[in-house]
Amino acid sequence: MHKYKLIGPFKQLLPMSGLPLKGALSDNQLPILENAGMLLENACIFKLGDHSELLSEAKSLQAEIISLKGDHVCLPGLIDSHTHICSGGSRANDYAMRNAGKTYLEIAKAGGGIWDTVTQTRKATKGELVKKTIKRAKQHLKNGVTTIEVKSGYGLSVEQELKMLMAIKEADESLPVDLIPTCLAAHMLPKDFEGSEANYLSEISEKLFPILKEEGLTNRIDAFIEESAFSPEQIARYFKKAKAMGFDITVHADQFSTGGSQVAVDFKAISADHLEASSSEEILLLANSAVISTALPGASLGLGCDFTPARKILDAGGALAIASDHNPGSAPMGDLLTQAAILGTFEKLTNAEVLAGITYRAAAALNLDDRGQLAKGFLADFCLFHTTDYNEILYNQGSFKPCVVWKNGEVVFDKHS
Ligand code: NIG
Ligand code: FE
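Residues numbered from 1 in each chain as written. Chains lettered and ligands numbered in written order. Predicted model: local features only at pLDDT ≥ 70, side-chain atom pairs only at ≥ 80, totals over all residues. Heavy atoms only, no water.

**Q** What is the right way to read the overall build of the chain from this model?
**A** A count of helices and strands for the chain gives 16 helices and 16 strands. With respect to the three principal axes, the spread of C-alpha positions in the chain is 70 × 45 × 40 Å. Expressed as a percentage of the 417 residues in the chain, the buried residues total 59%. A separation of at least 24 residues holds for 72% of the contacts in the chain among residues at least 6 apart in sequence. Split by element, the accessible area of the chain, about 16,200 Å² in all, is 51% carbon and sulfur. For the chain, the distance from the average site of its 41 positive side-chain charges to the average site of its 51 negative ones is 3 Å. (Helix = DSSP H or I, 4+ residues; strand = E, 2+ residues; numbered from the N terminus. Buried < 20%, exposed > 50% of the residue type's maximum accessible area, 1.4 Å probe, protein only. Contact = heavy atoms within 4.5 Å. Areas by Shrake-Rupley, 256 points an atom, 1.4 Å probe, with all protein chains shown as cover. Lys, Arg positive; Asp, Glu negative; His and termini not counted. Charge placed at Lys NZ, Arg CZ, Asp CG, Glu CD.)

**Q** What is the right way to look at the coordination of the iron ion (ligand 2) in this model?
**A** Geometry reference: four tetrahedral donors at a metal, ideal angle 109.5 degrees. Six octahedral donors, ideal angles 90 or 180 degrees. Here the iron ion (ligand 2) is held by the protein donor atoms His82 (NE2), His84 (NE2), His252 (NE2) and Asp325 (OD), which lie 2.1 to 2.3 Å from it. Every donor residue of the iron ion (ligand 2) comes from the same chain, spaced as H-x1-H-x167-H-x72-D. Of this pair, His84 sits in the loop between strand S6 (78–80) and helix H2 (92–99) while His252 sits in strand S10 (residues 248–253), placing them 168 residues apart in sequence. Across this residue pair, the class does not change: His84 and His252 are buried. (Donors = N, O, S within 2.8 Å, 3.2 Å for Na, K, Ca; no water.)

**Q** I keep staring at the side chain of Thr133 and nothing clicks. Help me out?
**A** Checked against the element boundaries, Thr133 lands in helix H5 (residues 126–142). A distance of 2.7 Å separates a polar side-chain atom of Thr133 from the backbone oxygen of Leu129. In this view, Thr133 contacts Ile85, Cys86, Ala171 and Leu179; residues no more than four positions away in its chain are not counted. (Polar contact = N/O pair within 3.5 Å; in protein donor to acceptor, adjacent residues only side chain to side chain.)

**Q** I tried to follow the site of ligand 1 on my own but got confused; where do I start?
**A** The environment of ligand 1 is formed by 15 residues, the closest being Tyr104, Tyr154, His187, Gln255 and Ser330. Note that an oxygen atom of ligand 1 is positioned 2.4 Å from one of the side-chain N or O atoms of Tyr104. Ser330 places a polar side-chain atom, nitrogen or oxygen, 2.7 Å from an oxygen atom of ligand 1. With the chains in place, 100% of the 320 Å² that ligand 1 exposes on its own is no longer accessible. Of the residues in the shell around ligand 1, the class split is four nonpolar, nine polar and two charged. (Near = heavy atom within 4 Å. Nonpolar A, V, L, I, M, F, W, Y, C, P; charged D, E, K, R; others polar.)

**Q** Whenever I open this one, the pairing of strand S15 (residues 404–407) confuses me. Can you help?
**A** Side chains on a regular strand alternate between the two faces of the sheet. Because side chains alternate across S15, one face comprises the buried residues Val404 and Trp406, and the other comprises Val405 and Lys407, equally buried. Looking at chain direction, strand S14 (residues 382–385) and S15 are connected through three bridges and run antiparallel. Note that in S15 the partner of Phe382 across the bridge is Trp406. The pairing of S15 with strand S16 (residues 410–414) spans four bridges and is antiparallel. Each residue of the ladder has a partner; that of Lys407, found in S16, is Glu410. Hairpin connection of S15 to S16: two residues between the antiparallel strands, including Asn408 at a positive phi of 50 degrees. (Pairing = 2+ DSSP bridges.)

**Q** What is the right way to read the pattern of salt bridges from this model?
**A** Should their charged atoms come close, side chains of opposite charge can pair. All told, the structure shown has 16 salt bridges when counted by the stated rule. Here Lys151 ties to Asp222 by a salt bridge, and the two come within 2.7 Å at their closest N and O atoms. Of the two residues, Lys151 is situated in strand S7 (residues 145–151) and Asp222 in strand S9 (residues 220–224); the sequence distance between them amounts to 71 residues. Look at Lys151 and you get buried, because its relative accessible area is 0%. One salt bridge connects Glu353 with Arg311, and the closest N-O pair in it is separated by 2.7 Å. You can see Glu353 sitting in helix H14 (residues 351–357) and its partner Arg311 sitting in helix H12 (residues 310–315), a full 42 residues away along the chain. Using a relative accessible area of 1% as the deciding quantity, one classes Glu353 as buried. When its relative accessible area of 18% is taken as the criterion, Arg311 is described as buried. Where salt bridges share partners, they join Asp178, Asp370, Arg371, Asp381 and Lys407 into one cluster. (Salt bridge = Lys/Arg side-chain N within 4 Å of Asp/Glu carboxyl O.)

**Q** What exactly am I supposed to notice about the sheet that holds strand S12 (residues 292–295) here?
**A** In any sheet, the strands associate via hydrogen bonds between backbone groups, in a parallel or an antiparallel arrangement. The eight strands are arranged S6-S7-S8-S9-S10-S11-S12-S13 in an open sheet whose pairing can be described as parallel. Of all the strands in the sheet, the pair left with one neighbour each is S6 and strand S13 (320–322). Averaged over all adjacent pairs, the angle separating strand axes in this sheet is 25 degrees, with direction ignored. Pairing of S7 with strand S8 (residues 178–186) involves five bridges; the strand directions are parallel. (Axes fitted to C-alpha atoms, helices over the stretch in contact; angles between N-to-C directions.)

As structure tokens, this is what we get:
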């Protein structure tokens with residue numbers, strides 16, 4: 001095993017570094033290194049530069065020289081900051097019913113929706129959930145995604161939420177991709193819980209939160225603030241306890257009705273996700289805060305509803321991440337690059353804004369400062385596309401896949417092998 005590796009030459013390398021976290025980005029702001037090389041030291045980036053200049057340094061460091069044949073564009077490993085890939089069952093029936101005219105909320109009220117997945121997930125063993133999560137994570141990895149956030153939220157009891165979070169941990173341990181776990185026990189009031197929303201949330205915070213800390217299962221707490229789930233007031237009490245215990249906060253906010261983004265700002269959440277229903281008031285509120293706004297185009301495509309007002313968020317000065325929301329109900333597709341490209345088309349986002357949303361701005365949505373950019377000291381997570389021009393990547397709307405994916409300084413996917 002070599003300590004140092006030199007990879008290149010890349011026709012174009014987009015470091016996605018030195019760019020602002022918030023606000024609009026024009027394509028000419030994107031730094032592009034041509035005929036570049038990347039020198040790695042173990043799992044991290046040691047140096048970027050002109051490939052031929054790096055060659056002599058690499059030789060003196062006795063680096064392994066990995067020479068690429070043909071033209072390649074190099075991007076940071078993509079980051080999917082919001083998914084629900086640990087789940088049982090299928091909701092193909094919900095999808096058919098929605099397309100035949102029923103709404104997501106009508107289906108949920110009739111006993112389908114999230115509760116259906118809860119029933120299927122509770123039936124699954126931890127081992128079955130591990131397998132399903134690994135299978136979906138591998139698919140994301142092939143598409144260039146090297147960090148995936150994964151939520152619980154289909155267990156909805158102390159025991160079943162623990163089963164999910166332990167399954168996510170086990171899947172993470174057997175995969176090269178990093179899974180970042182989040183507790184979404186506040187996804188809805190479970191139908192079999194005897195008591196009010198307040199009682200349920202108290203039980204979770206009193207019994208589950210301490211175990212999450214003790215077992216190191218997650219440091220992130222999420223909640224679905226919506227008329228069909230929990231009110232802003234109920235979640236404010238819940239988040240107060242989570243914050244006091246040192247958890248990071250993230251929110252499913254403003255998906256169908258507003259209220260969630262105010263809670264996100266009040267509790268200094270790391271991110272507020274969905275925002276399809278946000279009006280100019282919420283957009284401004286978020287833009288004037290440190291909360292990352294996360295668009296989930298996969299949920300709009302799955303439900304056939306409006307996209308998150310991404311253009312307005314950026315123009316107001318907000319930070320925009322883009323994630324897949326991959327889940328069996330509202331977002332079954334699970335293809336981040338395709339969805340981000342489509343969001344760009346509908347919302348008139350520059351390629352720089354779309355790429356920022358799935359790299360360094362998505363890292364910020366997970367409170368991670370070691371990835372999402374290619375620069376000295378950052379993780380050597382990157383993906384290569386067989387082309388001379390980075391614009392080809394979004395132009396092909398996700399049908400153009402990476403040929404090689406690297407994670408922590410190792411090749412973890414190679415189309416040719
Ligand atoms: O992010 N909105 C709530 N939660 C998920 C959907 C989960 C489901 O329908 O199973 C979401 O879209
Ligand atoms: Fe979600």
